[in-house]
Amino acid sequence: MTIDDFSGALDMPLPQSLLLRALRTVTQGLVITDAAQTIIFVNAAFTAVTGYGEAELLGRNCRMLQGPGSDPEVVRLIRLRLTKGETFRGQILNYRKDGTSFWHELSISPVREDDGVISHFISVQRDVTAQVLAPANLPFPSVIPQRPAPEERSPDYREGLLSGRLRMHMQPVVDLRTGATHFVEALARLELEDGTLISPGAFLPLLTESDVALLFRQALEQVLGQIAEWDAAGLSLDASINLAPSTLSEPECARWVADALKRHGIAPTRLSIELLETEVLHDRVQLETFAALGALGVAMAMDDLGSGHSGLRRLLKLPFHAVKVDVAIVAQLRNRPVPTLGMLTTLIQMGHDQGWDIIIEGLEDEALTEVAAILGASYGQGYFLCPPVPARDIPGWVTQSHRVPDSGLVRTPLGSLAYHWTFHRTQKQHTTSYETCPITDLLVEHGDQIAVKLHRQQHHLVPGSAASSGDLLAWLIQWSRVDG
Ligand SMILES: Cc1cc2nc3c(=O)[nH]c(=O)nc-3n(C[C@H](O)[C@H](O)[C@H](O)COP(=O)(O)O)c2cc1C
């Protein structure tokens, strides 16, 4: 879809050419993306502020403007708001093409079709550096971190890695049935001298393949050392670590892993290796290394199924033990709930059939976590359960008990939609009694009379149950959309 299609879809009596000229020339920066946040339109004010040309921006995601000083919490908030279909308003430190930084004020809103489905996002933005840095707003003298120009960045990060500034953060993968920690995923962070933490998304593309392999070996050392330390303290935890496909081309890769496991006295079955979706597997050595790692007894997992090169063909080709479902699939539960429920159910079923552990990523709030549990997913990962934290915070977290969705009591509209859908798809009536049905309390307390009646029909308490299943589904879709 192009901007011309987009403006054509607006129901306005203005000539399109005028509309386009107006959008192009307003003094505030303007960005329009498609629903997947790919930029399809930028105006002149936006290119002037960022220093990038239109051709360099189209087809990309605005996160390209972020860098070391961009607050990850703000990025997370943007993601959360947009995933829920809400407007984000706020300020974030961004970087121009030349590496200099500026404070960007954003107001990003979803654009919906008539049926409520998000088709695009539009953002109005401006450079507010002068206001943010006005003396009255500064409690202490502040230096904004500058991002070096792209060609200078790689050596910085490389030097950081070589001089021991790699820090492994950990995020629990949680058993959704019990709340127990299934294992922790180790996530690489590069700590800059000023204490800023850089995520792999920012540094991996800037490293050579041998740097990435070196990073893997360092990460492996730290993770296995950490497991051994926890063991010594009486805490038995397994861990996973990410592996780039290019590192599988290193003929020594399986030996590095075997040696490291031996050195730290850790059983291979306590380590999982998550194969990233970032590149194709293009040579025989990669397949041999994959098989050699599996033969060691290490669990091989596919990371981010549904994203990049983590597709169904790779899943068929390689003997994985576990599959992680990409956040982008779960995020669609808000926009297109019914097909997404169908897809997740099929993936979970496929996991059962093949003996794969299916791990649902991106469980950012209670509703998404509840849906994963209702659909029968065994394992989940996401901010609602626990964000990535420094390794030292993990023992405190895993030894506390954590609330997981209670199968007997649904608490969110999206959860009640998922619950009813599991019956609707097989044309069955709700099986428990009305009084003990997990969605009764929520509908009685927060639904309306129509919903309660439709629900009672699912329990044969009033006539008309077969037809009303679809009506209840439609009602719940609308309700979960308003709630989201
Ligand atoms: C229309 C639109 C404009 C955006 N503009 C910016 C921007 O100027 N600066 C920025 O840092 N993020 C911007 N974002 C946010 C990022 O694209 C992205 O949503 C954010 O980084 C969170 O998602 P992520 O975790 O996938 O990166 C914009 C998003 C949209 C949809």
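Summarised in this report is the structure supplied together with it. (Residues numbered from 1 in each chain as written. Predicted model: local features only at pLDDT ≥ 70, side-chain atom pairs only at ≥ 80, totals over all residues. Heavy atoms only, no water.)

Before going further, it helps to examine the overall build of the protein chain. Secondary structure summary: the protein chain contains 21 helices and 15 strands in total. In terms of C-alpha radius of gyration, the protein chain reaches 25 Å, essentially the compact-globule figure of 23 Å for 484 residues. Sorting the 484 residues of the protein chain into buried and exposed places 48% on the buried side. Accessible area for the protein chain stands at about 22700 Å²; split by element, carbon and sulfur atoms hold 55% of it. The averaged location of the 56 negative side-chain charges in the protein chain is 1 Å from the averaged location of its 40 positive side-chain charges. (Helix = DSSP H or I, 4+ residues; strand = E, 2+ residues; numbered from the N terminus. Rg over C-alpha atoms; globule rule 2.2 N^0.38 Å. Buried < 20%, exposed > 50% of the residue type's maximum accessible area, 1.4 Å probe, protein only. Areas by Shrake-Rupley, 256 points an atom, 1.4 Å probe, with all protein chains shown as cover. Lys, Arg positive; Asp, Glu negative; His and termini not counted. Charge placed at Lys NZ, Arg CZ, Asp CG, Glu CD.)

Throughout the structure, instances matching the rule amount to one cavity of 30 Å³ or more. When its volume is computed, the largest cavity comes out at roughly 40 Å³. If you go around the largest cavity, the residues you meet are Glu366, Thr369, Glu370, Phe384, Arg403, Val404 and Pro405. Here the residues of the lining of the largest cavity are counted per class, giving three nonpolar, one polar and three charged. (1 Å grid on protein atoms, 1.4 Å probe; cavity = no way out; pocket = protein on both sides within 12 Å on 5 of 7 lines; lining within 4 Å. Points joined across faces, edges and corners; volume = space filled by probe spheres on them. Nonpolar A, V, L, I, M, F, W, Y, C, P; charged D, E, K, R; others polar.)

A separate point is the site of the ligand. Neighbouring the ligand are 20 residues, the closest being Gln37, Asn61, Arg63, Arg79 and Gln125. At a separation of 2.7 Å, a nitrogen atom of the ligand approaches a polar side-chain atom of Asn94. In this structure, an oxygen atom belonging to the ligand sits 2.6 Å away from a side-chain N or O atom of Gln125. For the ligand, the protein covers 94% of the area, taking 630 Å² as the surface of the free molecule. When contributions to the shell around the ligand are tallied by element, the ones reaching two or more residues are β1 (29-34), α5 (72-83), β3 (88-95), β4 (101-112) and β5 (118-127). Sorting elements by how many residues they give to the shell around the ligand places α5 first, with four residues. (Near = heavy atom within 4 Å. Polar contact = N/O pair within 3.5 Å; in protein donor to acceptor, adjacent residues only side chain to side chain.)

Packed helices, taken two at a time, are described by their axes: the angle between them and the distance between them. As a packed pair, helix α16 (residues 366-374) and helix α18 (residues 413-424) sit with axes 8 Å apart at the nearest point and diverge in direction by 20 degrees. Looking at the two axes, α16 sits roughly parallel to α18. Here α16 and α18 pass one another in a crossing that is right-handed. Each of Ala367, Leu368, Glu370, Val371 and Ile374 in α16 lies in contact with α18, whose residues at this interface are Leu414, Gly415, Ala418, Tyr419 and Thr422. (Axes fitted to C-alpha atoms, helices over the stretch in contact; angles between N-to-C directions. Parallel < 35°, antiparallel > 145°, perpendicular 65-115°, else oblique. Left-handed = near helix turned anticlockwise from the far one by under 90°. Contact = heavy atoms within 4.5 Å.)

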